[in-house]
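Reading the structure
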Amino acid sequence: MSGWLFWIGAIATLVVAAALIEAYVKRNRKRNLTDMRPDPDQISKVGGIERYGLDPLALAQAEHRRLEEEGWTSDPSQKETTTADAGEEDKQDERR
């Protein structure tokens, strides 16, 4: 029985030693930074953009052109009434 335990222990020790050696070699392997850099074509690809033909730069340029044509004002026009304006109009009606 003790012979079996010896061989099981020896095999377990070899497996653990092999795992430790493999981890050490993987961690200390010398690599150039250029080898680890991703391919420039892969950097710019975002999932779904090429699939649907959406180019963020083209979309931003189109939005910019639209805003220049329509105007950049973010203020509501004078004709539109906001909730504060609507309240003031009601008060003016009551005063008359």
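Quick word on the overall build of the protein
- Check the secondary structure of the protein and you find six helices and zero strands.
- Starting at the N terminus and ending at the C terminus, the protein contains elements arranged as α-α-α-α-α-α.
- Within the protein, buried positions represent 2% of all 96 residues.
- Summed over all atoms, the accessible surface of the protein reaches about 9,600 Å², with 57% contributed by carbon and sulfur.

Let's talk about a nonpolar patch on the surface
- A surface patch of nonpolar side chains, amounting to about 340 Å² of accessible area, comprises Ile 21, Tyr 24 and Val 25.
- Relative to the assigned elements, Tyr 24 resides in helix 1 (residues 2–27).
- We classify Tyr 24 as exposed; its relative accessible area is 57%.

Overview of the pattern of salt bridges
- Scanning all chains against the criterion turns up three salt bridges.
- Between Glu 22 and Lys 26 there is a salt bridge, and its shortest N-O distance comes to 3.5 Å. Linking Glu 22 with Lys 26, this pair stays in helix 1, spanning four residues, or about one helical turn.
- The partner of Glu 70 in a salt bridge is Arg 66, with the nearest N and O atoms 2.7 Å apart. Residue Glu 70 and its partner Arg 66 are both found in helix 5 (residues 56–70); the two are separated by four residues, about one turn of the helix.
- Look at Arg 66 and you get partly exposed, because its relative accessible area is 33%.
- Via salt bridges that share partners, Glu 63, Arg 66 and Glu 70 belong to a single interconnected network.

Notes on helix 5
- In a regular helix each residue adds 1.5 Å, so 15 residues correspond to 21 Å; helix 5 covers 21 Å between its end C-alpha atoms and thus fits that length.
- Where helix 5 ends, the next residue or the one after it, Gly 71, has phi of about 105°, a positive value.

Digging into the confidence of the model for the protein
- A residue-level look at the protein finds 59% of positions with pLDDT of 70 or above and a mean pLDDT of 76.
- Taken element by element, the predicted model of the protein shows its lowest mean pLDDT in helix 6 (residues 83–95) (58) and its highest in helix 1 (93).

What to know about the packing of aromatic side chains
- Across all of its chains, the model carries one aromatic pair by this definition.
- With 5.3 Å between their ring centres and 75° between their planes, Phe 6 and Trp 7 make a pair best called edge-to-face. Each member of the pair, Phe 6 as well as Trp 7, carries the same accessibility label: exposed.

Cut-offs and rules
Residues numbered from 1 in each chain as written. Predicted model: local features only at pLDDT ≥ 70, side-chain atom pairs only at ≥ 80, totals over all residues. Heavy atoms only, no water. Helix = DSSP H or I, 4+ residues; strand = E, 2+ residues; numbered from the N terminus. Buried < 20%, exposed > 50% of the residue type's maximum accessible area, 1.4 Å probe, protein only. Areas by Shrake-Rupley, 256 points an atom, 1.4 Å probe, with all protein chains shown as cover. Patch = residues over 30% accessible without salt bridge, like charges linked within 9 Å, V, L, I, M, F, W, Y side chains within 5 Å. Salt bridge = Lys/Arg side-chain N within 4 Å of Asp/Glu carboxyl O. Expected span 1.5 Å × (residues − 1). pLDDT = per-residue confidence, 0-100. Phe/Tyr/Trp six-rings, centres within 6.5 Å; stacked < 30°, edge-to-face > 60°.

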